[in-house]
Amino acid sequence: MALHFKLSSRQAPSNDKEKDDMQHVPYASAVGSLMYAMVCTRPDIAHVVGVVSRFLFNPGIEHWKAVKWILRYLCGTSNLKLCFGIGKPVLCGYTDSDMAGDVDSRKSTSGYLITFVGEVVAWQSRLQKCVALSTTEVEFIVITEACKELLWMKKFV
């Protein structure tokens, strides 16, 4: 997500002209397409798709600009792909989170990425269910979620 995008529900249309303009924008369709791409092959857009999908009910112009930014990013990186190489069959997990990244609810966003044979096999980015009081708590929550997924994958493999 570009640093100049600080999306909030306060950016929703506030007058009739803005609401009318946004009626003609295919926001939900575009976000749905982005979700499909993210779930199937593009873990790199998981976080930003999660952010823009929070505003499906009442999107504003700034939300639409963020969606167009993501689409431009996908056009510029269309040659990226997931493919398995040759390597040791090792499961490896990575986690990250932000502290109170959601401007409206002050909840943190956490995410993880799991690789097998050096390639991505599972990923997730979502708003945490509770409001954390410290960065340590935020990191503990995301590590717990990633470890649960790693344990399941270990049994699967």
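Rules and cut-offs
- Residues numbered from 1 in each chain as written.
- Predicted model: local features only at pLDDT ≥ 70, side-chain atom pairs only at ≥ 80, totals over all residues.
- Heavy atoms only, no water.
- Pairing = 2+ DSSP bridges.
- Helix = DSSP H or I, 4+ residues; strand = E, 2+ residues; numbered from the N terminus.
- Axes fitted to C-alpha atoms, helices over the stretch in contact; angles between N-to-C directions.
- Left-handed = near helix turned anticlockwise from the far one by under 90°.
- Contact = heavy atoms within 4.5 Å.
- Nonpolar A, V, L, I, M, F, W, Y, C, P; charged D, E, K, R; others polar.
- 1 Å grid on protein atoms, 1.4 Å probe; cavity = no way out; pocket = protein on both sides within 12 Å on 5 of 7 lines; lining within 4 Å.
- Points joined across faces, edges and corners; volume = space filled by probe spheres on them.
- Buried < 20%, exposed > 50% of the residue type's maximum accessible area, 1.4 Å probe, protein only.

**Quick look at the pairing of strand β3 (residues 119–127)**
A regular strand carries its side chains on alternate faces of the sheet. Pairing analysis gives eight bridges linking strand β2 (residues 109–116) to β3, with the strands arranged antiparallel. Within β3, the position partnered with Tyr-112 by the bridge is Gln-124. In this antiparallel pair of consecutive strands, β2 and β3, the connection spans two residues, and Val-117 shows a positive phi of 55 degrees.

**A few points about the sheet that holds β3**
What links the strands of a sheet is backbone hydrogen bonding, and the strands pair in either a parallel or an antiparallel sense. The strand order across the open sheet built from three strands is β1-β2-β3, with neighbouring strands paired in antiparallel fashion. Edge positions in the sheet fall to β1 (91–97) and β3, since each of these pairs with one other strand and no more. In this sheet, neighbouring strand axes are inclined to one another by 10 degrees on average, regardless of whether the strands run parallel or antiparallel.

**Describing the packing of helix α2 (residues 27–40) against helix α4 (residues 61–76)**
At a closest axis distance of 11 Å, the pairing of α2 and α4 adopts a crossing angle of 35 degrees. Handedness of the crossing formed by α2 with α4: left-handed. Judged by residue contacts, Tyr-27, Ala-30, Val-31 and Leu-34 of α2 engage His-63, Trp-64, Val-67, Ile-70, Leu-71 and Leu-74 from α4. Looking at the contact of α2 with α4, its residues break down into nine nonpolar, one polar and no charged.

**A look at the layout of surface pockets**
If you add up the space inside the largest pocket, you get close to 330 Å³. Around the largest pocket, the lining comprises 17 residues; the ones closest to its centre are His-47, Asp-96, Gly-111, Tyr-112 and Ser-125. Of all the elements in the fold, those that place two or more residues in the lining of the largest pocket are α3 (46–53), β1, β2 and β3. With five residues, β2 is the largest single contributor of residues to the lining of the largest pocket. Split into classes, the residues belonging to the lining of the largest pocket amount to six nonpolar, eight polar and three charged.

**Notes on the environment of Ile-70**
Mapped onto the fold, Ile-70 is located in helix α4. Accessibility expressed as a relative area gives 3% for Ile-70, which makes it buried. Distance in space between the C-alpha atoms of Ile-70 and Cys-40 is 16 Å, their sequence separation being 30 residues. What Ile-70 contacts, discounting residues up to four positions off in sequence, is Leu-34, Ile-45, Val-48 and Val-52.

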